[in-house]
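Architecture at a glance
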Amino acid sequence: MTTLFWQQSGKGKQDIVLLHGWGLNAEVWRTIEVGCGSHFRLHLVDLPGYGRSHLFPPMSLQQMAEVIWQKAPKQAIWLGWSLGGLIASIIALNHQVEIAGLITVASTPCFSQQENWPGIKPMVLTGFEQQLQANFHRTVERFLALQTLGTKTAHEDIRLLKTVLLKQPLPSVAVLNAGLEILRTTDLRQSLLTLNKPFLRIYGDLDGLVPRKVVPIIDGWLPNSPSVIIKHAAHAPFISHPKQFIQLLVNFSSQLEK
């Protein structure tokens, strides 16, 4: 039977579900687990097809969201990093009454560059799909390297990400390609206008995958959604700046209680 890896830790009162990004698994959250443990009940999930959930077949964004929701606690904060931000956003939109709030990290409702919209050039994502077929490990490592580029702790951060990747079963090429297709084609810009739950967006000012130029654009059409750009952070701010990141989560949770 195919099962979803789901692990709970922490002694806080507020549930928070943590969804990782493309290619990785829930072990990426270990850098903040201890610091968050007194504030939250953390739910660490390996996305369907990834890590210890590797027996799942390739899925659409909606299918992944539905599988994860089946095990979810009610009135949780949903936090998604990168690809996980799209999944967390879909869950929040589909179950607004049953969630407490949404946090996206180094994520965007539309990853692909569009007219008047900063993002990744679609041909870059298509190129990754083609390269996966030719050299799986080198392509994944290249994508991981992009996530830490420019930070003072880049060497340590990329080493940690590689360790996280190799500790658990690797996703298949088909699953990785399905994830890249989600990043290339998903556009939630209009859908997020209907979200009526607290929504925090966290970015890194050195992020090469989600350019900071997108932040003021989203600020303009989602004025009730605060944004924070962490200085000297790239695509994984919770790894390079864990203390600052944890404080943002605690502050967000405290606002929900008022």
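Please read these numbers as outputs of a predicted model, since none were measured by experiment.

1. Quick word on unusual backbone geometry
Not every positive phi belongs to a glycine, and Gln75 is a case in point at roughly 55°. In this structure Gln75 comes out as partly exposed when scored by relative accessible area, which is 38%. Of note in the backbone geometry, Ala106 takes a positive phi value of approximately 45° without being a glycine. Summarising the element assignment, Ala106 is placed in the loop between β5 (99-105) and α4 (122-134). On the accessibility criterion, Ala106 (0% relative accessible area) is buried.

2. Here we look at empty space enclosed by the protein
All told, the structure shown has 2 cavities of 30 Å³ or more when counted by the stated rule. Looking at the largest cavity, its volume works out to about 60 Å³. Considering the residues around the largest cavity, the lining is formed by Gly85, Leu86, Ser89, Thr104, Ser107, Thr108, Pro109, Leu192, Phe199, Arg201 and Tyr203. Where the lining of the largest cavity is concerned, the elements lending two or more residues are α3 (83-94) and β6 (199-204). When the residues that make up the lining of the largest cavity are grouped by side-chain class, the tally is 5 nonpolar, 5 polar and 1 charged. Here the second largest cavity is characterised by a volume of approximately 40 Å³. Along the walls of the second largest cavity sit Pro48, Gly49, Tyr50, Pro57, Pro58, Met59, Met64, Val175, Ala178, Gly179 and Ile182, which together make up its complete lining. Looking at the lining of the second largest cavity element by element, the count peaks at 4 residues for helix α7 (residues 173-185).

3. Quick look at the sheet that holds strand β1 (residues 6-9)
Strand order in the open sheet formed by 7 strands is β1-β3-β2-β4-β5-β6-β7, with mixed pairing between adjacent strands. A single partner strand is all that each edge strand has here, and the edge strands are β1 and β7 (227-230). Adjacent strand axes in the sheet meet at a mean angle of 20°, parallel and antiparallel pairs treated alike. Two elements, β1 and strand β3 (residues 40-45), share 4 bridges in a ladder whose sense is antiparallel. Each bridged residue has a counterpart across the sheet, and for Ser9 the counterpart in β3 is Leu42. Against the sheet, helix α8 (residues 214-221) touches β6 and β7, its axis set at about 170° to β6.

4. A word on α3
With 12 residues, α3 should cover 16 Å at 1.5 Å per step; its first-to-last C-alpha distance of 17 Å lies within 8% of that length. Of all 12 residues in α3, 11 are buried; the element is thus mostly enclosed. Among the residues of α3, those classed as buried are Leu83, Gly84, Gly85, Leu86, Ile87, Ala88, Ser89, Ile90, Ile91, Ala92 and Leu93. Its buried side turned inward, α3 meets β2 (14-19), α2 (61-69), β4 (76-81), β5 and α7.

Calculation criteria
- Residues numbered from 1 in each chain as written.
- Predicted model: local features only at pLDDT ≥ 70, side-chain atom pairs only at ≥ 80, totals over all residues.
- Heavy atoms only, no water.
- Buried < 20%, exposed > 50% of the residue type's maximum accessible area, 1.4 Å probe, protein only.
- Helix = DSSP H or I, 4+ residues; strand = E, 2+ residues; numbered from the N terminus.
- 1 Å grid on protein atoms, 1.4 Å probe; cavity = no way out; pocket = protein on both sides within 12 Å on 5 of 7 lines; lining within 4 Å.
- Points joined across faces, edges and corners; volume = space filled by probe spheres on them.
- Nonpolar A, V, L, I, M, F, W, Y, C, P; charged D, E, K, R; others polar.
- Pairing = 2+ DSSP bridges.
- Axes fitted to C-alpha atoms, helices over the stretch in contact; angles between N-to-C directions.
- Contact = heavy atoms within 4.5 Å.
- Expected span 1.5 Å × (residues − 1).

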